[in-house]
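What follows is the residue order along each chain.
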Amino acid sequence: MAKSGKARAHTNIALIKYWGKADEKLIIPMNNSLSVSLEKFYTETEVTFDSDYQNDQFILNGEEANEKETKKIQSYMDIVREVAGTNLHARIDSHNFVPTAAGLASSASAYAALAAACNEALQLRLTDKDLSRLARRGSGSASRSIFGGFAEWEKGHDDETSYAHPVDANHWEDDLSMIFVVINNQSKKVSSRSGMSLTRDTSRFYQYWLDHVDEDIAEVKRAMSSKDFKHLGEVIEANGLRMHATNLGAQPPFTYLVQESYDAMAIVHKCREMGLPCYFTMDAGPNVKVLVEKKNKQAVIEQFKKQFDDSKIIASDIIATGVEIIK
């Protein structure tokens, strides 16, 4: 008898970055991280387990996935089967509503949705903590996409202790938005995985990064408690720049940023001078993400439109709800 489940999960952007793994296989990070989930970008995934299936089948956006993507999903489904104590194979139908051109990795929402759909289909009744742990095994940042609003991923020290949890911001997420400035959608010369490993193993700046992450998270929580947007922005901006600085200390040194990245940062500085508070952050790529209060979102977008094409500017509000089961 077939067993099915369907779930929706939203992607997230780390305000305090995760950079480097302590355990590559279990995806245990070197440091805690803190993120916000995005209303506009999400993945919907339906999973059907059936004894008639001989192998896992992965359908992505209506088409059968390529061999590389399928193998990765099959490896993850082996983890699900181990947790569930079953040998059933599955058909996975996944639809991404995440514009890859925006430099938004869909892996966070994809594995969070897949974990939740499997939990529903197999009636595993996992707690949010254990669902976060299961999502983490597919993609580290997926651990945070189980939750809406602000979420913190505790690095832990093993599979049991590395998971995310929501951080109460007294509904502050209702007042915030994020603007994406698309700089470049070409393949990266240095993948996130390779960049993390190289930086962790060779960068003279990496320990300084680790030494200040907990302090950054504490400051963000302090800003959240008083809804101090200026303080929040200053901390996340410095944290993002510090992460990118570790890459310059690697051997050989590398950077994800290009001239247009710096141009976008300059516009953020100009907006602040004009009385439009906003703050940037960048992940492992050249695209710039700008945190802004909803009341100033359109005014900031207009400033970016003076230098970047409309198609290069994408905005999303923050969503308060976490992963959802779709009936």
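Residues numbered from 1 in each chain as written. Predicted model: local features only at pLDDT ≥ 70, side-chain atom pairs only at ≥ 80, totals over all residues. Heavy atoms only, no water.

Caption draft 1: The arrangement of the pairing of strand S13 (residues 313–317) in detail. Within S13, 4 of the 5 residues are buried, which leaves the element mostly enclosed by the surrounding structure. Pairing geometry for strand S10 (residues 176–181) and S13, over 5 bridges, is antiparallel. Each bridged residue has a counterpart across the sheet, and for phenylalanine 180 the counterpart in S13 is isoleucine 314. (Buried < 20%, exposed > 50% of the residue type's maximum accessible area, 1.4 Å probe, protein only. Helix = DSSP H or I, 4+ residues; strand = E, 2+ residues; numbered from the N terminus. Pairing = 2+ DSSP bridges.)

Caption draft 2: Geometry of the pattern of salt bridges. Inspection of every chain in the model, using the stated rule, returns 23 salt bridges. Close ionic contact of arginine 8 with glutamate 324 constitutes a salt bridge, the shortest N to O distance being 3.5 Å. Remark: glutamate 324 occurs in strand S14 (residues 324–325) and arginine 8 occurs in strand S1 (residues 3–16); sequence separation between them is 316 residues. A relative accessible area of 21% places arginine 8 in the partly exposed class. The class for glutamate 324 is partly exposed, based on a relative accessible area of 29%. With a closest N to O distance of 2.7 Å, arginine 91 and aspartate 93 form a salt bridge. Residue arginine 91 is classed as partly exposed on the basis of its relative accessible area, which comes to 29%. Salt bridges sharing common partners tie together Asp130, Arg133, Arg136, Asp159 and Glu160. (Salt bridge = Lys/Arg side-chain N within 4 Å of Asp/Glu carboxyl O.)

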